[in-house]
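Results of the structural survey
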Amino acid sequence: MSAALLAVGVFALTAPPAGAAAAGGASFRGAVSPATVAPGGRVTLSVTGCAASATASAAVFDTVTVPSGRSAAATVDWDAKPGSVHTVTFTCAGARSTARLTIAGAARTAAATTAPTAASTSLTPVGVRGGLGGSMGGGSAAQTATGAGLVVVAITGGVYAVRRRAAVRAH
């Protein structure tokens, strides 16, 4: 008799729950990918075993329609609490399926909200390497002299062109 009860128990546990079949008798299941997302991030919602369009809803995003045989995207609210876990409910032809969605980031604790110490926030001041975009190191004296010479030639050429033009107009 115990073997018969064991067999009945195994079959009862492996059978899908009532209402798990949707539109055509297939097993209906919803999935969220990725299962962990940062506030403001996007998740992909997909369903299997649903011949019609399904809907997906959670406290951290608006209700989304998932077309049959396809997936849909949802954007998680920016103000979703880091570390919180939410249930995403999928509905197809009266059948329901759920999946978990975790918001990335550790839950805040008392230790995490203490004021920072001077040792943890002090930085060694370093100036910005402006002008060259930080792409060059120090220059040599020859490079400096060459650059200065080119500037003098350019200014001299400009003055010559302006004076010559003024002289031509005077005639």
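The coordinates are above.
What this report covers is the structure whose coordinates are included nearby. Remember, it's a predicted structure, so these values are computed and weren't measured experimentally.

Here is what the cut-offs are and how they apply
Chains are numbered independently. Their residues run from 1 in the order of the written sequence. Whole-chain, interface and lining totals are the exception, using all residues; otherwise, since this is a predicted model, local features are given only for residues with pLDDT of at least 70 and side-chain atom pairs are given and counted only at 80 or more. Where side-chain values are given, they derive from all heavy atoms of the structure, hydrogens and water being excluded. For this analysis, a nonpolar core means a set of buried residues of the types Ala, Val, Leu, Ile, Met, Phe, Trp, Tyr and Cys, connected via side-chain atoms within 4.5 Å. The buried label goes to any residue with under 20% of its type's maximum accessible area, the exposed label to any with over 50%, and the partly exposed label to all in between, with areas taken from a 1.4 Å probe on protein chains only. Under the DSSP-based scheme used, a helix requires at least four consecutive residues in state H or I and a strand at least two consecutive residues in state E, with every element numbered from the N terminus. Any two residues whose heavy atoms approach within 4.5 Å are treated as being in contact. Whether two strands pair depends on DSSP finding at least two bridges between them. Axes here refer to lines fitted to C-alpha atoms; in helices the fit is confined to the stretch in contact. Angles between the N-to-C directions go from 0 to 180 degrees.

Core analysis: the largest hydrophobic core is formed by 25 residues, its most contacted members being L45, F61, V88, F90 and L101. Elements that contribute at least two residues to this core include exactly strand 5 (42–48), strand 6 (54–58), strand 7 (61–66), strand 8 (71–75), strand 9 (85–92) and strand 10 (95–103). In terms of residues, this core owes the most to one element, strand 10, which gives 4 residues. With sequence-adjacent residues up to four places away left out, L45 is seen in contact with A31, V32, A56, F61, V64, V66, S71, A72, A74, V88 and F90.

For sheets, the rule is that strands pair by backbone hydrogen bonds, running either parallel or antiparallel. The sheet built from 3 strands is open, its strands ordered 3-5-8 with antiparallel pairing. Pairing within the sheet leaves two strands with one partner each, and these edge strands are strand 3 (29–33) and strand 8. Across the sheet, the mean angle separating the axes of adjacent strands is 25 degrees when strand polarity is ignored. Two elements, strand 3 and strand 5, share 5 bridges in a ladder whose sense is antiparallel. Residue pairing across strands places R29 opposite T48, the latter belonging to strand 5.

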